[in-house]
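# Notes for the structure review
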Amino acid sequence: MALRFFTSAALLLAAALSGFGQQAPDDAPVASAHVAGPHGLEGWTLNSPLPDDSTHERYPFTLVIARNGRALRKIPGSAFVWHWIFWNDGRQVAYESGPLHFGMSCNLYDLASARDVESVDCWRGIPDNSPAWLVALEKPH
């Protein structure tokens, strides 16, 4: 019994000293500046460093949309959410998503249905007959 107690205590102490199970503070997501939208909406990105990146530069992995301080949706990037805007009086969000290099999709996300309702490959620019949400998203920011 005493041996089991001391073994358990030693394992707990070793885990506590090694930081076992804790996320390093440098790896915790950091919220970007909040952007106000219509009808009490606001949005921001959650920015984290890349795994195994010693520079700890942060990238926008997730877009958060909230109303009156309560998160409504978390939209994951594919891999990142580079730029976004509220659209259609706050019923939708248009956003650019893609990896660090060689790809970008522009998406229209419907907040009520919690899904992308339209997606356009916008890596090499936007088509001449682009929908209004895409034109607004791609205006210089």
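The sections below set out a description of the structure shown in this document. (Residues numbered from 1 in each chain as written. Predicted model: local features only at pLDDT ≥ 70, side-chain atom pairs only at ≥ 80, totals over all residues. Heavy atoms only, no water.)

## Observations concerning the nonpolar core
Residues Leu41, Leu63, Ile65, Ile75, Val81, Trp84, Phe86, Val93, Tyr95, Tyr109 and Leu111 constitute the largest nonpolar core, which totals 11 residues. At the level of elements, β4 (58–67), β6 (80–87) and β7 (92–98) are the ones that each hand at least two residues to this core. Here this core gets three residues from one element, more than from any other, and that element is β6. Setting aside residues up to four positions removed in sequence, Tyr95 forms contacts with Ile75, Val81, His83, Trp84, Ser105, Cys106, Asn107, Tyr109, Asp116 and Leu137. In terms of nonpolar packing, the next biggest core, distinct from the first, is built from 10 residues, Ile85, Ala94, Cys106 and Leu137 among them. (Core = buried A, V, L, I, M, F, W, Y, C linked by side-chain atoms within 4.5 Å. Buried < 20%, exposed > 50% of the residue type's maximum accessible area, 1.4 Å probe, protein only. Helix = DSSP H or I, 4+ residues; strand = E, 2+ residues; numbered from the N terminus. Contact = heavy atoms within 4.5 Å.)

## Regarding the sheet that holds β6
In spatial order, the strands read β6-β7-β8-β9; together these four strands make up an open sheet with antiparallel pairing. Each edge of the sheet is formed by a strand with only one pairing partner; in this case those strands are β6 and β9 (115–121). Along the sheet, successive strands turn relative to each other by an average axial angle of 20 degrees, direction set aside. Across seven bridges, the pairing between β6 and β7 is antiparallel. Bridge pairing in β7 links Trp87 to Gln92. (Pairing = 2+ DSSP bridges. Axes fitted to C-alpha atoms, helices over the stretch in contact; angles between N-to-C directions.)

## Some thoughts on the side chain of Ser130
With respect to the helices, strands and loops of the structure, Ser130 is situated in the loop between β9 and α2 (132–137). With a relative accessible area of 14%, Ser130 lands in the buried category. One polar contact links the side chain of Ser130 to the main-chain carbonyl oxygen of Pro127, over a distance of 2.5 Å. (Polar contact = N/O pair within 3.5 Å; in protein donor to acceptor, adjacent residues only side chain to side chain.)

## Some remarks on the packing of aromatic side chains
Under the definition given, this model contains six aromatic pairs. With a centroid separation of 6.5 Å and 90 degrees between ring planes, the pair formed by Tyr59 and Trp82 is classed as edge-to-face. Separated by 23 residues along the polypeptide, Tyr59 in strand β4 and Trp82 in strand β6 bring together distant segments of the chain. You can call Tyr59 buried: its relative accessible area is 12%. (Phe/Tyr/Trp six-rings, centres within 6.5 Å; stacked < 30°, edge-to-face > 60°.)

## A few points about the environment of Asn68
Relative to the assigned elements, Asn68 resides in the loop between β4 and β5 (70–76). For Asn68, a relative accessible area of 67% corresponds to the exposed category. Considered as a pair, Asn68 and Leu41 are 27 residues apart in the sequence and their alpha carbons are 6.6 Å apart.

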